[in-house]
Amino acid sequence: MYGGGNTFEAPKQNEMQAEDPQKLAEFEARIERGEKIEPSDWMPALYRKQLIRMIEQHAHSEIIGALPEGTWITRAPGFRRKLALMAKVQDEVGHAQLLYSAAETLGKSREDMLSDLISGKSKYSNIFNYPAFTWADTAVIAWLVDAGAIVNQLANSRGSYAPYSRALERICAEESFHLKYGHHAVIHLATGTPTQRKMVQEALNRWWAPLMHFFGPPDKMSVHTEVLMKWKVKMATNDDMRQQFLDMYVPKIWELGLTIPDENLRKNEETGKWDYTEPDWEEFKRVINGDGPLNKERLAVRRIAEERGRWVRNALLKSEANYVTPLA
Amino acid sequence: MTIQSLDPRVSRLGLTSLQNDDAEQATVNQFPTFQVFTQKKEDKPFEHGGIVHAPNIEMALIFAKEQYSRRFTCSGLAVAATTSVKTTDVSENKEDIYNLIQEPAVSSSEKEPYEIFHLNKRGKQTVYAGSVEAGSFEEAAWEAKKAFQNDKPVYNLWLIRRNDILFIDEEDKDIWATLGDKKYRDALDYKATDKIKAFKEEQNR
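Analysis parameters
- Residues numbered from 1 in each chain as written.
- Chains lettered and ligands numbered in written order.
- Predicted model: local features only at pLDDT ≥ 70, side-chain atom pairs only at ≥ 80, totals over all residues.
- Heavy atoms only, no water.
- Helix = DSSP H or I, 4+ residues; strand = E, 2+ residues; numbered from the N terminus.
- Contact = heavy atoms within 4.5 Å.
- Buried < 20%, exposed > 50% of the residue type's maximum accessible area, 1.4 Å probe, protein only.
- Salt bridge = Lys/Arg side-chain N within 4 Å of Asp/Glu carboxyl O.
- Polar contact = N/O pair within 3.5 Å; in protein donor to acceptor, adjacent residues only side chain to side chain.
- Lys, Arg positive; Asp, Glu negative; His and termini not counted.
- Axes fitted to C-alpha atoms, helices over the stretch in contact; angles between N-to-C directions.
- Parallel < 35°, antiparallel > 145°, perpendicular 65-115°, else oblique.
- Left-handed = near helix turned anticlockwise from the far one by under 90°.
- Nonpolar A, V, L, I, M, F, W, Y, C, P; charged D, E, K, R; others polar.
- Pairing = 2+ DSSP bridges.
- Expected span 1.5 Å × (residues − 1).
- Arc of directions from axis to C-beta.
- Disulfide = S-S within 2.5 Å.

Caption draft 1: Region of interest: the environment of Trp208 of chain A. Residue and element names in this part refer to chain A. When you line up the elements, Trp208 lands in helix α7 (residues 194–214). Sequence-wise, Trp208 and Asp262 are 54 residues apart; in three dimensions their C-alpha atoms are separated by 8.7 Å. Not counting chain neighbours up to four residues away, the residues in contact with Trp208 comprise Phe245, Leu246, Val250, Ile253, Ile260, Pro261, Asp262 and Leu265.

Caption draft 2: Main features of the side chain of Asn129 of chain A. All names here are of chain A. Here Asn129 is to be found in the loop between α4 (110–118) and α5 (135–156). Relative accessible area serves as the criterion here: at 2%, Asn129 is assigned to the buried category. For Asn129, the contacting residues outside a window of four places in its chain are Tyr124, Val287, Gly292, Pro293, Leu294, Asn295 and Arg298.

Caption draft 3: Summary view of the interface of chain B and chain A. Counting residues at the interface gives 63 residues for chain B and 71 residues for chain A. In this structure, the connection of chain B to chain A is made through eight salt bridges. For Arg70 of chain B, the salt bridge is made with Asp91 of chain A, and the minimal N-O distance between the two is 2.8 Å. There are 19 residue pairs in polar contact (both at pLDDT 80 or more) connecting chain B and chain A. Secondary-structure elements contributing two or more residues to the side of chain B that touches chain A are α1 (8–12), β1 (33–39), β2 (47–53), α2 (57–68) and α4 (193–204) of chain B.

Caption draft 4: Looking closely at the side chain of Glu111 of chain A. As for its placement among the helices and strands, Glu111 of chain A is situated in helix α4. The buried charged residue Glu111 of chain A lacks any salt bridge partner; its closest oppositely charged side chain belongs to Arg110 of chain A, at an N-O distance of 4.1 Å. Here the side chain of Glu111 of chain A touches Gln30 of chain B through a polar contact of 3.0 Å, side chain to side chain. Those residues in contact with Glu111 of chain A that lie beyond four places of it in its chain are Asn29, Gln30 and His53 of chain B.

Caption draft 5: The arrangement of the packing of helix α3 (residues 79–104) of chain A against α5 of chain A in detail. Residue and element names in this part refer to chain A. One can describe the packing of α3 onto α5 by two numbers: an axis separation of 13 Å at closest approach and a directional angle of 45°. As far as their axial angle goes, α5 and α3 are oblique. Classified by chirality, the crossing of α5 by α3 is left-handed. Mapping the contact onto sequence places Arg81, Leu85, Lys88 and Glu92 in α3 and Trp135, Ala142 and Asp146 in α5. When the residues that make up the contact of α3 with α5 are grouped by side-chain class, the tally is three nonpolar, no polar and four charged.

Caption draft 6: Representation of the pairing of strand β3 (residues 76–81) of chain B within the structure. All names here are of chain B. The buried fraction of β3 is high, at six of six residues. In β3, alternate side chains face the same way, and those of Gly76, Ala78 and Ala80 on one face and Leu77, Val79 and Ala81 on the other are all buried. The pairing of β1 with β3 spans six bridges and is classified as antiparallel. Looking at the pairing, Val36 lines up with Val79 of β3.

Caption draft 7: Region of the structure containing unusual backbone geometry. One non-glycine residue with positive phi stands out, namely Asn93 of chain B, at about 50°. Within the secondary structure, Asn93 of chain B is located in the loop between β4 (86–87) and β5 (112–119).

Caption draft 8: Region of the structure containing α2 of chain B. Here α2 of chain B contains twelve residues, and its C-alpha end-to-end distance of 15 Å stays within 8% of the 16 Å for a straight helix at 1.5 Å per residue. If you check which residues of α2 of chain B are buried, you get Ala60, Leu61, Ala64, Lys65, Gln67 and Tyr68 of chain B. Residues of α2 of chain B that are buried in the fold lie against α3 and α6 (162–190) of chain A together with β1, β2, β3 and β8 (165–167) of chain B. Capping the start of α2 of chain B is the job of one residue whose side-chain oxygen sits 3.2 Å from the backbone nitrogen of Glu58 of chain B: Asn56 of chain B.

Caption draft 9: Quick peek at helix α1 (residues 21–32) of chain A. Residues and elements named next belong to chain A. End to end, α1 covers 16 Å across twelve residues, agreeing with the expected 16 Å (1.5 Å per residue, within 8%). Taken as a whole, α1 has its buried residues at Leu24, Phe27, Arg30 and Ile31. Down the axis, α1 shows its buried residues gathered within 125° of arc, on one side only. For α1, the exposed residues set more than 90 degrees away from the buried face come down to Pro21, Gln22 and Glu32. Packed against the buried residues of α1 are α2 (45–70) and α8 (226–230). Downstream of α1 by a residue or two, Gly34 has a phi angle that is positive, lying close to 90°.

Caption draft 10: View of the state of the cysteines. Tallied over the full model, the rule gives zero disulfides over all chains. Of all cysteine sulfurs, the one in Cys74 of chain B lies closest to Cys172 of chain A, which takes part in no disulfide; the gap is 20 Å. Accessibility expressed as a relative area gives 19% for Cys172 of chain A, which makes it buried. Accessibility expressed as a relative area gives 6% for Cys74 of chain B, which makes it buried.

Caption draft 11: Summary view of the pattern of salt bridges. Throughout the structure, instances matching the rule amount to 33 salt bridges over all chains. Two residues, Asp41 of chain A and Arg30 of chain A, come together in a salt bridge whose shortest N-O distance is 3.5 Å. Of the two residues, Asp41 of chain A is situated in the loop between α1 and α2 and Arg30 of chain A in helix α1; the sequence distance between them amounts to eleven residues. Like Arg30 of chain A, Asp41 of chain A is buried. In this structure, Arg71 of chain B engages Asp91 of chain A in a salt bridge whose closest nitrogen and oxygen atoms are separated by 2.4 Å. Note that Arg71 of chain B is positioned in the loop between α2 and β3 and Asp91 of chain A in helix α3, a pairing that runs across two chains. When salt bridges with common partners are traced through the structure, they connect Arg30, Arg33, Glu35 and Asp41 of chain A together with Glu92 and Arg122 of chain B into a single cluster.

Caption draft 12: Inspection of the pairing of β5 of chain B at higher detail. All names here are of chain B. With respect to burial, β5 is a largely interior element, seven of its eight residues being buried. Inspection of the sheet shows β5 paired to strand β6 (residues 127–134) by seven bridges, in the antiparallel sense. By the bridge assignment for β6, His118 is matched with Val127. Inspection of the sheet shows β5 paired to strand β7 (residues 156–161) by six bridges, in the antiparallel sense.

Put into structure tokens, the structure is as follows:
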């Protein structure tokens with residue numbers, strides 16, 4: 001499970017004016033009652049657009065997120081870890097399929113989403129533009145990136161769009177294995193030899209800033225998403241999710257005798273919240289716009305996979321095939 | 001151009017772009033979709049799982065096994081082309097969709113089995129309710145109303161001709177035989193507490 005740090009566009013001033021006020025009121029009343037929105041229901045164009053964007057970003061993140069871990073399968077220490085990592089990568093690609101299906105019910109085809117990923121038009125979680133240099137990097141990804149994603153996804157599963165909730169329910173069930181597997185791998189290194197401890201500490205140092213970026217820009221910098229929160233598209237603010245992550249995982253990192261590369265990080269007894277140094281948000285913007293260590297490589301690997309499989313798909317395509325938007 | 005990666009394992013793959021693909025973009029770029037239904041245990045009803053894209057219904061059944069029963073055993077699996085599923089509107093606020101179904105004007109003499117699925121709550125999966133004999137989708141909906149309407153509201157009906165559904169054969173059910181004993185992908189198999197406790201005790205010594 002890899003979705004997180006979704007970037008939302010600010011709704012334009014005139015975007016809502018074209019909507020039928022009565023249908024909009026019924027739609028909002030349904031969400032207010034706690035009923036989910038099914039694909040055949042009327043929905044505002046902005047709701048549809050933002051959901052496609054969010055679910056599609058999540059799906060792309062699963063696919064791209066499988067790349068840094070996938071290349072480590074052959075180097076995983078021991079047969080059991082190879083099996084486990086293979087199962088995890090397989091799960092992530094399966095999650096992508098579930099999420100593409102959910103987004104597809106909103107009217108954008110899977111092929112269009114995959115094309116937009118390859119062309120760079122659609123985004124994916126920024127964290128996968130950073131390299132996994134050592135085995136410890138994959139352990140930190142499996143534990144803490146998945147942990148961050150779980151915080152985000154548990155919130156989203158309470159959202160209003162039924163197919164996305166259904167997909168997330170399945171995804172969350174499989175995800176607990178990833179988190180435990182990652183935690184186990186980090187514990188193994190952190191309680192091991194001095195070399196192993198050093199390796200996992202260095203990996204944590206490398207991943208801390210991307211992990212803080214993971215939940216997206218601070219609320220005071222983010223675009224206004226009130227309407228998306230009212231429609232239960234976005235379920236928690238970036239800062240709230242970041243706080244929840246710190247609350248749950250900083251103590252677990254500390255108990256392993258590891259340090260976190262932020263001397264200002266501590267729980268503020270007065271506010272009950274974590275104080276921390278803001279990560280470099282200029283870097284975040286730069287990387288999300290294509291200038292990260294691995295952006296080009298990730299997309300190139302994905303594009304080549306697409307190209308190499310094309311002859312198989314073309315051989316199987318039939319011109320009479322009748323594509324319709326899937327149901328649920 | 002061969003990819004030169006920061007990750008030596010990627011570089012070693014020697015991936016090169018084919019660079020000749022734009023010309024051969026097919027006019028059709030989509031496989032049709034199929035709705036997938038899984039039955040987790042013999043005594044449980046079939047339940048909608050999601051969709052797969054596939055070139056035909058036989059391949060759809062294979063993909064469905066990988067996508068929807070990769071992590072647990074099923075006692076049954078079925079797929080139907082999305083185009084063969086007839087649905088009603090989705091009702092809201094405890095309104096029973098069956099209340100909107102009218103008796104069809106004409107009745108056909110030739111009947112065949114239709115499978116009926118209910119959405120019992122918005123946001124939940126559509127589940128199998130039972131089968132009826134009918135000559136058309138309209139008749140099937142009316143027969144379903146007579147057979148399955150009760151005091152619990154149903155929000156949405158799916159109707160599929162049984163002939164349009166592909167079920168997994170009894171003899172093929174050994175596809176699930178490989179699923180047992182893969183403890184390495186089970187969260188319960190990763191025990192951390194003892195190791196952390198031992199580590200802390202050693203630190204404090």
